[in-house]
Amino acid sequence: MTFVHVAIMVAVLLAAMVASMLYYGSRGKKKMGEMLQAAARHLGGETTQKSRMHYPHLVATVDGRPVEVFFHLSEGHRKTSDIVYLVATTPTRLPAATLAVQEGYFTKAPDKGPFNAVAGDYLAGLMPGRYVYGTDEAHSMSLFENSGVAPFLAALERYPNVVLGPDAITLGKPYGGPRDLEAARLEQDLHRLTGLAAHLEARASGDAQTPAASSEGNTANAFSGA
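Residues numbered from 1 in each chain as written. Predicted model: local features only at pLDDT ≥ 70, side-chain atom pairs only at ≥ 80, totals over all residues. Heavy atoms only, no water.

Caption draft 1: How the structure looks around the packing of aromatic side chains. Within this structure, the stated rule accounts for four aromatic pairs. When the ring of Tyr122 is compared with that of Tyr131, the centres are 5.8 Å apart and the planes differ by 90°; the resulting orientation is edge-to-face. Given a relative accessible area of 9%, Tyr131 falls into the buried group. Members of the aromatic cluster, each reached through a chain of ring pairs, are Tyr55, Phe71 and Tyr175. One cation-aromatic arrangement involves Lys29 over Tyr55; the distance from NZ or CZ to the ring centre is 4.7 Å. (Phe/Tyr/Trp six-rings, centres within 6.5 Å; stacked < 30°, edge-to-face > 60°. Buried < 20%, exposed > 50% of the residue type's maximum accessible area, 1.4 Å probe, protein only. Lys NZ or Arg CZ within 6 Å of the ring centre and 35° of its normal.)

Listed below in structure tokens is the structure:
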């Protein structure tokens with residue numbers, strides 16, 4: 001067998017691999033689109049998907065608030081693979097950004113790692129089970145010490161990455177398959193997301209209840225079915 005024959009065989013194998021990746025990639029995105037469409041109908045929203053090679057995007061209104069659900073492709077930690085993230089977000093206004101990440105999920109050392117440059121300093125002891133970073137230490141600490149945020153985040157525990165502010169609340173998790181897009185489950189997550197946004201806005205305007213009362217009132221409603 002000559003070098004030319006070997007080169008042709010390698011080229012054919014590579015072409016087959018690429019074709020297989022494209023096929024299974026498009027089939028997976030098609031399934032995501034179908035499930036997100038079902039969730040959109042359940043929520044009274046709509047989805048867009050440019051083609052079977054693109055990820056779908058959902059837009060809806062939940063509890064009177066606009067929400068979006070979409071996918072984000074993030075480079076793997078060791079740059080050997082990409083991670084598809086499921087993202088849900090709703091707009092809000094907060095004085096600064098606070099990042100709450102599941103303990104031990106993204107980095108072993110809470111006071112080191114990639115978050116500090118973009119999310120501020122690590123703030124110790126604010127919530128069991130999550131590392132909290134903030135660009136404004138006083139604001140971030142007040143969210144957990146005075147604003148009753150921890151119970152909301154506890155109900156959103158399957159989202160290891162939660163960004164609070166400054167212009168939106170954003171939930172993120174590695175996409176775990178069709179179960180993540182089940183209409184009832186996604187609706188529950190979005191109600192919790194909008195409940196958290198409404199709670200923080202009420203706090204900012206001074207209209208919210210005390211943290212203890214909130215955990216028995218608005219919080220209990222937002223977390224129903226937990």
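Caption draft 2: Up close: helix H3 (residues 137-145). Those residues of H3 that fall on the buried side of the exposure criterion are His139, Ser140, Leu143 and Phe144. Relative to the axis of H3, the buried residues are bounded by an arc of 130° and lie together on one face. Residues of H3 that are buried make contact with strand E5 (98-102), strand E6 (121-123), strand E7 (130-134), helix H4 (149-155), strand E8 (161-164) and helix H5 (183-205). Two to three positions downstream of the cap, the backbone nitrogen of Ala138 sits 3.2 Å from a side-chain oxygen, assigning the N-cap of H3 to Asp136. (Helix = DSSP H or I, 4+ residues; strand = E, 2+ residues; numbered from the N terminus. Arc of directions from axis to C-beta. Contact = heavy atoms within 4.5 Å. Polar contact = N/O pair within 3.5 Å; in protein donor to acceptor, adjacent residues only side chain to side chain.)

Caption draft 3: Expanded view of the pattern of salt bridges. According to the stated counting rule, one finds five salt bridges in the structure shown. A salt bridge links Glu201 to Arg65; the shortest N-O distance between them is 2.9 Å. With Glu201 in helix H5 and Arg65 in strand E3 (residues 65-75), this residue pair connects regions lying 136 residues apart in the sequence. Here Glu201 falls in the partly exposed class, since its relative accessible area comes to 28%. (Salt bridge = Lys/Arg side-chain N within 4 Å of Asp/Glu carboxyl O.)

Caption draft 4: The nonpolar core, seen in detail. Counting residues in hydrophobic clusters, the biggest one holds 39 residues, and the most contacted among them are Leu164 and Leu190. Discounting residues that sit within four places of it in the chain, Leu190 has contacts with Leu43, Val62, Val67, Val69 and Ala88. Formed by five residues, the second largest nonpolar core is a distinct cluster that contains Val101, Ala119, Tyr131 and Tyr133. (Core = buried A, V, L, I, M, F, W, Y, C linked by side-chain atoms within 4.5 Å.)

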